[in-house]
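Working through the structure, step by step
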Amino acid sequence: MEKISIKGGKPLFGQVKISGSKNSSLAILASCLLTDKKISIYGVPKLTDTFFFLELLSSFGVKVEGLKNFKNVDKFVLSAKKITNFNAPYNLVKKMRASILVLGPLLARTGKATVSLPGGCSIGLRPVDIHLKSLEKLGARISIEKGYINAVAPKGLRGNKIIFPKVSVGATVNVLMASVLAKGTTEIYNVAKEPEIEDLGLCLKSMGAKIDGLGTSKITVDGVSKLKETSHRVMFDRIEAGTYALAVAIAGGEIELIGAKKKLLTFFLNILESIGVEYIVTDKSIIFKKRSNSLNPVDIITEPYPGFPTDLQAQLMAVMSMSNGTSVITENIFENRFMHAPELIRMGAKIKLKGNLAIVEGVKKLKGAEVMATDLRASVSLVLAGLAAEGTTNIDRIYHIDRGYQDIVKKLQICGANINRIEV
Ligand code: UD1
């Protein structure tokens, strides 16, 4: 079993190339199911989640050029000429909840799909009721049997007006993809405005889909009967970029994030400035530098885009645990997303949890400890804490990190961190 071991206290100096977005990739890869034409995707990050998703697509009969050489290619060519299987089984879906994203495109293309219900995960219950109710509005018949979602639409899907009761990234992705092949017009209200959805939409448009309103809260889709061959480069991973920027905040130093773009990080950059991290935007990167040894506290509330992302909440909590005051973090998206707090407390952080509030009183020092990763973003918050802590931090269950951070150990080593993977 591997752990990540960090000897803290070294500031970071260097360049980090930001990978393609994980969340964007998963949605875009799923879109290949909508057509029998070839779809070439560039910039998919090399993560266990993306590898697994490509394997899932292969299980439906999708040919994936590049899969055998996964770690070394920049381009994957996906061809779903013939779909031979319509079933995403429990043993695959339980490994990755995002498998639910195949439901919409499979159903729209073939008129049937069976996908295991994803169930909850460590950060919350994460129901998929909005996905299912919306697909029903498009004419699908859906039943749940023995933990499986069975969806059928023998005569195809039909456009409709859909109002999401709550903003959901996954439901927006599923319904957007399904409506591309539905007959007539679909209007979807209260959709997620996350840039990853816009990225998916741009890919779908380049395939010939007729979509209006990307990046706003209402998307209109005029269904088409066929899509065409295309190629698309996945956008940069704004959560990975935010994580490295927060690494500079906690460890000190100056790093250049190649491929990061200000436009998609505006809200986050304002928060960084207020806590004491300067940034300079260049045409190919953003350079981050800690202004002084001291960090200011900040209160944040996690919200759908363009608000503060829940996927950076754990990392910010690690940073705030070393600020010169008290910060209040309100988690509004997931009901159980403070699993990193007890681990940070074991490293000397002063954090009190009250429902969806975390009150973080900054301390002067964190101390290295044996800690355990509980989910993707929680695990990287422990890496950040370890970079600044006195002594050695060993992080267990690092398979969570490999789901979402390509080459994190190498990227931090290049910047001077004393971090290694160790076999135990
Ligand atoms: C996606 C991202 C994840 C991010 C999250 C919120 C991917 C692969 N994952 O997850 O990294 O943290 O957005 O930005 O893109 N909900 C319902 N019913 C539904 C769907 C969602 O109640 O049918 C609730 C969820 O439980 C949650 C909230 O809506 O409380 C937002 O979830 P959602 O945006 O759907 O998250 P995911 O798409 O799962």
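For clarity, every value in this text was computed on a predicted model and none was experimentally measured. Residue positions are given per chain, counting from 1 as you read along its sequence in written order. The predicted nature of this model means local features are confined to residues of pLDDT at least 70 and side-chain atom pairs, given and counted, to a pLDDT of 80 or more, with totals for whole chains, interfaces and linings taken over all residues. To obtain the side-chain values, all non-hydrogen atoms of the structure were included, while hydrogens and water were left out.

**Some points on the sheet that holds strand β11 (residues 185-189)**
The test is simple: Paired strands are those between which DSSP finds at least two bridges. Numbering of helices and strands runs from the N terminus; a helix is a DSSP stretch of H or I covering at least four residues, while a strand is a stretch of E covering at least two. For every element, the axis is a line fit to its C-alpha atoms; helices are fit only across the contacting stretch, and the angle between N-to-C directions ranges from 0 to 180 degrees.
Pairing in this open sheet of 4 strands is mixed, and the strands run β10-β11-β13-β12 from one edge to the other. A strand with exactly one partner marks an edge of an open sheet, and here the two such strands are β10 (161-163) and β12 (210-212). Averaged over all pairs of adjacent strands, the angle between their axes in this sheet comes to 15°, without regard to strand direction. Relative to β11, β10 is paired through 3 bridges, and the arrangement is parallel. Pairing of Lys 161 across the sheet is with Glu 187, part of β11.

**Digging into the packing of helix α10 (residues 313-320) against helix α12 (residues 376-388)**
Cut-off, in case you're wondering: Note on terminology: angles under 35 degrees are roughly parallel, angles over 145 are roughly antiparallel, angles of 65 to 115 are roughly perpendicular, and the others are oblique. Each crossing gets its hand from how the near helix is turned against the far one by less than a right angle, where anticlockwise is left-handed and clockwise is right-handed. For this analysis, residues touch if any pair of their heavy atoms sits within 4.5 Å. Amino acid classes used here: Ala, Val, Leu, Ile, Met, Phe, Trp, Tyr, Cys and Pro are nonpolar; Asp, Glu, Lys and Arg are charged; the rest, including Gly, are polar.
Remark: α10 packs on α12, axes separated minimally by 8 Å, with the N-to-C direction vectors making an angle of 25°. With respect to α12, the element α10 is oriented roughly parallel. Taken as a pair, α10 and α12 cross one another with a handedness that is right-handed. On α12, the residues that touch Ala 314, Gln 315, Ala 318 and Val 319 of α10 are Arg 377, Ala 378, Val 380, Ser 381, Leu 384 and Ala 385. Split by residue class, the contact of α10 with α12 holds 7 nonpolar, 2 polar and 1 charged.

**Quick look at helix α7 (residues 195-206)**
This is how it is decided: Any helix carries an expected span of 1.5 Å times its number of residues minus one. Exposure classes here rest on a 1.4 Å probe applied to the protein chains alone. A residue is buried below 20% of its type maximum, exposed above 50%, and partly exposed in between.
When the terminal C-alpha atoms of α7 are compared, their 17 Å separation across 12 residues agrees well with the 16 Å that a helix rising 1.5 Å per residue should span. The set of residues buried in α7 consists of Pro 195, Glu 196, Ile 197, Asp 199, Leu 200, Gly 201, Cys 203 and Leu 204. The inward-facing, buried residues of α7 abut α1 (22-30), α6 (169-180), β12, β13 (218-222), β14 (230-233) and α8 (238-251). Directly after α7, the chain includes Gly 208, whose backbone phi takes a positive value near 110°.

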